[in-house]
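# Architecture and fold: a report
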Amino acid sequence: MIPKIIDACARNKFMVFVLTAFGIFAGWWSMTHAPLDAIPDLSDVQVIVFTEWPGRSPDLVEDQITYPIVTSLLNAPHVKYVRGQSFFGLSFVYVIFNDGTDMYWARSRVLEYMNQVTSQLPEGITPTIGPDATGVGWVYQYALVDRTGKHDLQQLRSYQDWTLRYELAAIPGVAEIASVGGYVKQYQVELDPTAMLAFKLPIGKVIQAIRESSNDVGGRVVEMSEAEYMVRGRGYLKSLEDLENTPVGVDDRGIPILLKQVTTSIHFGPDMRRGAGELNGEGEAVGGIVVMRYGENALKVINRVKAKIDELRPSLPEGMEIISVYDRSSLIERAIDNLREKLIEEMVVVSIVIIVFLLHLRSAFVVILALPVGVLLSFIPMYFLGVTTNIMSLGGIAIAIGAMVDGAIVIIENVHKKLEHWEAEKAERQRLEAVGETEKLKSLPPLPEREAVLIDAAKSVGKPIFFALLVIAVS
C-alpha cells in the first residue's frame, strides 16, 4: 500500500502540489482558529446542582435536599458517579459523566431528572444548575475598589451585582460572573417579642406580611375621552419608612398594626458572609471572577472582557476603579511565544545539521520544507477534535519534529546511496562504450531512468519508516 502511494505521488506531481497547497491552507486556517489556552482542559464532564436553604443546619440540608437529589441522579444515563456536599444553608451535588459525553447533553439529562425530584424537596426550594464551564474556566478576575472613600463595601458590592456583572455576562464566551467580597445589602427587621405577644401576632404572619408588602397590583381600565387609563396599585418598598409603615395585622378594635410597632429596629445591614475578598494587603475589596464557557477560546474571551472593561471605565461612579488581579492571557501569550520560538530554533538547528552532513542544498531543502508543512498539517486534526493549542499540544509537536526529520533523512540518505550506485554504473557503461566493448555493454541489463531510481529508493524504505512513525504516534 505504501509503495503504491509513493509511486502514485511521484508520477502525479501536479496533484501532490495542489493537495499540499490545500493542506497548508487548511492547516493555517485551523491554527489561527483553534482555541488558545495555557493549560490543557483535562477535567471531567461535570454538572453542578446548587441548592440554597438559608438557616438550616448541614445535617438537615443533607437529609432533606442532598440525599434526594443524589439518589435520583444515580441512575441517570452515562453517569460515572455522583458526589454530594452539605453545608450550613447550602447543598452542592456534583454529577460526573463518562468521558466523551457531550456537556450540553449531560446538562439536559440532569434537568430532566431534577424535574422528577422537585416534589420530594421542601416547599419553596428550587435547585439550580451551575454554569456550563469546567474546572479551568476561571480565566480572569478583577477587583472593584474605591480609594477615595466615597463608596463603602456595600455600595461596591451592589454596583458589582446589579450593574457591572450584567454588562460583563453579556460578553460572548462568558458563562458566569461570580461576585466575591463586600456586603450584600439587606433590609433587616428585629422583632420585639413582648410587643408581638401583646398584639397576639405569630412570627409567620409577620414574615408573610413583609413578603406581601412589596408588590404592585394591576386593576382594570377607565375610559375617559376615548382614551383608556390603566388602574394599578403601586406598593414597592422604596425606603425604610415604607417598611416601617407596613401593616402586619389588626388589633381588637380593627386598627392596623404597623411593623414598627412590633419591632425594636428596622435598618439596612449586610447579609451573612461566608468569605471575604482582600487586595494586596490594603484591605477588603469587591471582586468578580470571569468563568469561560466550555469549549471557548480563552484568549479571545479574555480580550473581549478587557475591551469591555476599558469601555465601561469612563462610566463608573466617581471614585470607583477596576483593577485586574488575574489575567491568564499573559500566561497564554508567553507560553505560545516561548514554544513558537523553540519550534523555530529547532527547525533552524535541524536545517543547519542537515545541510552540513548532507552537503546537498536541494536535499536539505526537502527536509526543511517538510517541517513547517508537517506542523501546519498537525493542526487540522487538533481543530476538528477540539484540542486546544496549549503547552502540552505544542510540546508534542516540538517532540514530533525529531521523528519527522529522522524519517526524511533516512529517505534522502537512501536516495543518495542509490544515486551513487546508479551514477557509478552509468560511468562504467560510458567507459565500456568509449573503449569499444559493445558486446559486454549489450549483455548488461538496461539502465533505469534517474526518476525511477529515486522512486525505487523511496519505496524501499517507505514502509518501514511509515510503521516506525505510526508506532511513535500511537505510543
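What comes next is a walk through the structure. (Residues numbered from 1 in each chain as written. Predicted model: local features only at pLDDT ≥ 70, side-chain atom pairs only at ≥ 80, totals over all residues. Heavy atoms only, no water.)

Moving on to the overall build of the protein chain. Broken down by element type, the protein chain carries 14 helices and 14 strands. The globule rule puts the C-alpha radius of gyration for 475 residues at 23 Å, and the 37 Å found for the protein chain is more than 25% above it. Along the three orthogonal principal directions, the C-alpha set of the protein chain runs to about 145 × 60 × 55 Å. Residues counted as buried form 34% of the 475 residues belonging to the protein chain. Put simply, of all contacts in the protein chain between residues at least 6 apart along the chain, 72% involve residues at least 24 apart. Within the protein chain, one finds 45 positive and 57 negative side-chain charges whose respective centroids are separated by 5 Å. (Helix = DSSP H or I, 4+ residues; strand = E, 2+ residues; numbered from the N terminus. Rg over C-alpha atoms; globule rule 2.2 N^0.38 Å. Buried < 20%, exposed > 50% of the residue type's maximum accessible area, 1.4 Å probe, protein only. Contact = heavy atoms within 4.5 Å. Lys, Arg positive; Asp, Glu negative; His and termini not counted. Charge placed at Lys NZ, Arg CZ, Asp CG, Glu CD.)

Right, let's get into the side chain of Asp251. As for its placement among the helices and strands, Asp251 is situated in the loop between strand S10 (247-250) and strand S11 (256-258). A relative accessible area of 19% places Asp251 in the buried class. Within the structure, the side chain of Asp251 is placed 3.0 Å from the backbone nitrogen of Arg253, a separation counted as a polar contact. A polar contact is formed between the side chain of Asp251 and the backbone nitrogen of Gly254, at a distance of 3.0 Å. (Polar contact = N/O pair within 3.5 Å; in protein donor to acceptor, adjacent residues only side chain to side chain.)

Neighbouring strands of a sheet are bound in pairs by backbone hydrogen bonds; such pairs are parallel or else antiparallel. Taken in spatial order, the four strands of this open sheet run S6-S13-S5-S14, and their pairing is antiparallel. Lying at the two open borders of the sheet, with one neighbouring strand each, are strand S6 (174-180) and strand S14 (320-327). Direction aside, neighbouring strands of the sheet carry axes that sit 20° apart on average. As paired strands, strand S5 (residues 138-146) and strand S13 (residues 286-292) are joined by six bridges and run antiparallel to one another. Bridge pairing in S13 links Ala143 to Gly287. In the packing of helix H5 (residues 153-169) onto the sheet, the strands contacted are S5, S6, S13 and S14, and the crossing angle to S6 comes to about 175°. Each of S5, S6, S13 and S14 touches helix H9 (residues 298-312); the most contacted strand, S5, lies at about 15° to it. (Pairing = 2+ DSSP bridges. Axes fitted to C-alpha atoms, helices over the stretch in contact; angles between N-to-C directions.)

Spatially, four strands are ordered S2-S3-S1-S4 in an open sheet, and the strand pairing comes out antiparallel. Each having just a single partner strand, strand S2 (79-87) and strand S4 (128-129) make up the two edges of the open sheet. Across two bridges, strand S1 (residues 45-52) lies against S4 in antiparallel orientation. What sits directly across from Val49, in S4, is Ile129. Helix H3 (residues 58-73) contacts S1, S2 and strand S3 (90-97) of the sheet and is inclined by roughly 170° relative to S2. Across the sheet, helix H4 (residues 103-117) is in contact with S1, S3 and S4; its angle to S1 comes to roughly 35°.

Turning to the nonpolar core, a few remarks are in order. Judged by nonpolar contacts, the single largest core of 45 residues is most densely connected at Tyr140, Tyr142, Leu144, Leu164, Leu168, Val290 and Val305. Apart from residues lying up to four places away in sequence, Tyr142 is in contact with Gln160, Leu164, Leu168, Ile177, Val286, Gly287, Gly288, Val290, Ile322, Ile323, Ser324 and Val325. By size, the runner-up hydrophobic cluster in this structure holds 22 residues, among which are Val45, Ala76, Val95 and Val117. (Core = buried A, V, L, I, M, F, W, Y, C linked by side-chain atoms within 4.5 Å.)

Space inside the second largest pocket adds up to approximately 1800 Å³. Forming the walls of the second largest pocket are 48 residues, and the residues nearest its centre are Phe50, Leu90, Phe92, Arg157 and Ser179. Where the lining of the second largest pocket is concerned, the elements lending two or more residues are S1, S3, S4, H5, S6, strand S7 (185-191) and S13. When residues of the lining of the second largest pocket are assigned to their parent elements, the largest contribution, six residues, is made by H5. A per-class count over the lining of the second largest pocket returns 23 nonpolar, 15 polar and ten charged. (1 Å grid on protein atoms, 1.4 Å probe; cavity = no way out; pocket = protein on both sides within 12 Å on 5 of 7 lines; lining within 4 Å. Points joined across faces, edges and corners; volume = space filled by probe spheres on them. Nonpolar A, V, L, I, M, F, W, Y, C, P; charged D, E, K, R; others polar.)

Put simply, helix H2 (residues 13-33) and helix H11 (residues 361-384) touch, their axes get as near as 7 Å, and they point 60° apart. Comparing their axes, H11 and H2 come out oblique. The handedness of the crossing between H2 and H11 comes out as left-handed. Counting all contacts with H2, which are made through Thr20, Gly23, Ile24, Ala26, Gly27, Trp28, Trp29, Ser30, Met31 and His33, the residues of H11 involved are Val373, Leu376, Leu377, Phe379, Ile380 and Tyr383. Of the residues that constitute the contact of H2 with H11, the class distribution is eleven nonpolar, five polar and no charged. (Parallel < 35°, antiparallel > 145°, perpendicular 65-115°, else oblique. Left-handed = near helix turned anticlockwise from the far one by under 90°.)

Limitation: the analysis is restricted to geometry and does not speak to function.
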